[in-house]
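Architecture and fold: a report
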Amino acid sequence: MKYRHIAGAGACALALFATCAQAQSFVKVYGVADAGIVLDRGGAAGSSQNIGSGVASGSRLGFKGKEDLGDGLSADFVVENGYNIDTGKAAQGGLLFGRQAYVGLSGAAGTISLGRQYAPYYKVMRDIVDPFCTGLAGNAQNILPGLGRVDNSVEYQSPKWNGLSADVLVGAGEVAGDAAKNRTFDASATYEAGPLTLALTHHRQNDATGAAHDRNTMVVGRYRFGTVTAHAAFARNRNVLGHASRDALLGVAVRAGAAGRVLASVIVHRDDSGRDAHARQGAIGYEYSLSRRTDLYAAYGHIVNRNGAAYTVGDATNAGTGTTGINLGVRHVF
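Rules and cut-offs
- Residues numbered from 1 in each chain as written.
- Predicted model: local features only at pLDDT ≥ 70, side-chain atom pairs only at ≥ 80, totals over all residues.
- Heavy atoms only, no water.
- Helix = DSSP H or I, 4+ residues; strand = E, 2+ residues; numbered from the N terminus.
- Rg over C-alpha atoms; globule rule 2.2 N^0.38 Å.
- Buried < 20%, exposed > 50% of the residue type's maximum accessible area, 1.4 Å probe, protein only.
- Contact = heavy atoms within 4.5 Å.
- Areas by Shrake-Rupley, 256 points an atom, 1.4 Å probe, with all protein chains shown as cover.
- Lys, Arg positive; Asp, Glu negative; His and termini not counted.
- Charge placed at Lys NZ, Arg CZ, Asp CG, Glu CD.
- Patch = residues over 30% accessible without salt bridge, like charges linked within 9 Å, V, L, I, M, F, W, Y side chains within 5 Å.
- Salt bridge = Lys/Arg side-chain N within 4 Å of Asp/Glu carboxyl O.

1. Observations regarding the overall build of the protein
Scanning the protein from N- to C-terminus turns up 2 helices and 18 strands. For 334 residues, the compact-globule estimate of 2.2 N^0.38 gives 20 Å, and the C-alpha radius of gyration of the protein, at 21 Å, lies within 12% of that figure. In terms of overall dimensions, the protein has a C-alpha envelope of 70 × 55 × 40 Å along the principal axes. Taken over 334 residues, the protein has a buried fraction of 40%. The long-range share in the protein, meaning contacts at least 24 apart out of those at least 6 apart in sequence, stands at 53%. Working note: accessible area of the protein is about 16600 Å², and carbon and sulfur atoms make up 59% of it. Averaging the locations of the 32 positively and 26 negatively charged side chains of the protein gives two centres separated by 5 Å.

In structure tokens form, the structure reads like this:
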């Protein structure tokens, strides 16, 4: 992704000096403009045809900055707005910086940040598990829990040591008199060695009473060999009512020539609550890069629900309404 650099006033005043090349404070402006045709089939209200925003990646406008504080320590921030390119309206319920908003400190011991941030569980899903990178009709979050953003959170990300790294986040429930109410705990441990990546991640979300919680645990693997990347994941889930379920994913991403990429995945959901509300999803997609910043995409996803399961085929920002989804669109990053 290409960024535009905006120097601070102090850095501009030093522009004539040789030390300007080493200026340590900066702000980057970045974003994504993504729009596509979205066809939904199999919904209760019938089929629909829409121009969707953020089909492969959520459309956004963001600002990130860094200031060198000396001795290897830096201050960092990100504020990122989501918008709907088809209507021009704000996304994430109209929040000004609904995608991300945090500030933190980074150094040799790792990074600590505070604000509205992505859960480690979600980042493992997006970056390691899902060949569709949680976008398009093949989105793994159509069936697997997404667990995307956590408000009022403190996160610690460790440096990498012999291929190992950790990411831990706690979201404050902010309920007076009982810190357990609505509290979130989320963590991941990742190991990387050449083409192999392994990760274990866990998410726990307390309810409004603090007496019950959702919990999700997932182990994942990714392996790159030549032009092929293989993905696999297994998850166990239990909701606030004590209902248990299991999810498994197998996926692949294959380079097709110099500019193309073929994506495919199969997800199976097993309901262990006694209702046997099982589901499975199959999906295939294709991305073609026109340049380093612009690509075209197409995808097809289909879900089979059993015994009352009601999963739908969505994309990066839309939940979808039916059990079959077809996408065709363009994405530009800047």
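Following the structure, the description resumes.
2. Concerning a nonpolar patch on the surface
A cluster of nonpolar side chains, contributed by Leu69, Leu73, Leu105, Ile112, Leu114, Val154, Tyr156, Val168, Val170 and Phe185, occupies part of the molecular surface with about 770 Å² of accessible area. Looking at the nonpolar patch, the elements that each hand over two or more residues are β7 (110–118), β8 (149–157) and β9 (164–171). One can find Leu105 in strand β6 (residues 100–107).

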